[in-house]
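Report on the structure
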Amino acid sequence: EIDGHTLMYDYLPGDSPTIFFLPALNQTRHGTKASQIKTWCRRTGRSFLVADYYGMGKSSGDYKEATISRWASDTAKLVDWLKTEHAQEKIV
């Protein structure tokens, strides 16, 4: 939960650096590119994170109320989460 809303994400633990994939603004975390990168990370043992933005996919919120600033803030908080909860310092 971030700022009172739920962000849905897929996290795959593995070696550093973590690949943090940011989908296009009109796509969810289950898009073709995200799925292909996740598969590659799984095969190579690399850590991976992808999330649905606020108001997108299975994340809570209304897309009409979403802003680039909110999505950027959520992304920064997910990076902090990776660093504190999973000790991932290298994130690309």
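Below or above, wherever it landed, is the structure these notes cover. Throughout this description, residue numbers start from 1 for each chain and increase along the sequence as written. Reporting of local features is limited, given that this is a predicted model, to residues whose pLDDT is at least 70; pairs of side-chain atoms are given and counted only at 80 or more, and all residues count toward the totals for whole chains, interfaces and linings. Note that the side-chain values use all heavy atoms of the structure and ignore hydrogens as well as water.

A few words now on the environment of Val50. Runs of E in the DSSP output that reach at least two residues are strands. Runs of H or I that reach at least four are helices, and both are numbered from the N terminus. Mapped onto the elements, Val50 comes out in strand β3 (residues 46–51). Residue classification places Val50 among the buried positions, given a relative accessible area of 1%. It is 15 Å that separates the C-alpha atoms of Val50 and Lys90, two residues lying 40 residues apart in sequence. Whether two residues are in contact is decided by their heavy atoms: any pair within 4.5 Å suffices. Apart from residues no more than four positions distant in its own chain, Val50 is found in contact with Tyr9, Asp10, Phe21, Pro23, Arg29 and Ala34. A 1.4 Å probe rolled over the protein chains alone gives each residue an accessible area, and that area as a share of the maximum for its type sets the label: buried under 20%, exposed over 50%, partly exposed in between.

Attention shifts here to the pairing of β3. Among the six residues that make up β3, six are buried, leaving the element largely enclosed by the rest of the structure. Of the two faces of β3, the one carrying Arg46, Phe48 and Val50 and the one carrying Ser47, Leu49 and Ala51 are both buried. Paired strands are those between which DSSP finds at least two bridges. Inspection of the sheet shows strand β1 (residues 9–12) paired to β3 by four bridges, in the antiparallel sense. Note on β3: the bridge partner recorded for Tyr9 is Ala51. Here strand β2 (residues 15–21) pairs with β3 via four bridges, running parallel. When the sheet's bridge partners are listed, Phe21 is paired in β3 with Val50.

Counting along an α-helix, one turn takes 3.6 residues, and residues three or four places apart therefore face a common direction. In this model helix α2 (residues 68–85) runs 25 Å from its N-terminal to its C-terminal C-alpha over 18 residues, within 8% of the 26 Å that 1.5 Å per residue would give. Along α2, the residues that are buried comprise Trp71, Asp74, Thr75, Leu78 and Leu82. Relative to the axis of α2, the buried residues are bounded by an arc of 100 degrees and lie together on one face. Of the residues in α2, the exposed ones pointing more than 90 degrees away from the buried face are Ser69 and Thr84. Contacts made by the buried residues of α2 are with β1, β2 and β3. Helix span is expected to be 1.5 Å times the residue number reduced by one. Throughout, the arc means the angular range of directions from the helix axis out to the C-beta atoms.

Turning our eyes to something else, we now look at the nonpolar core. Taken as a class, soluble globular proteins show a tendency for nonpolar side chains to be buried jointly. Residues belong to a common nonpolar core when they are buried Ala, Val, Leu, Ile, Met, Phe, Trp, Tyr or Cys residues joined through side-chain atoms within 4.5 Å. Counting residues in hydrophobic clusters, the biggest one holds eight residues: Ile2, Leu7, Tyr11, Phe20, Leu49, Ala51, Leu78 and Leu82. Elements with a contribution of two residues or more to this core: β3 and α2. The next biggest cluster of nonpolar side chains, apart from the first, holds seven residues, and it includes Ile19, Cys41, Phe48 and Val50.

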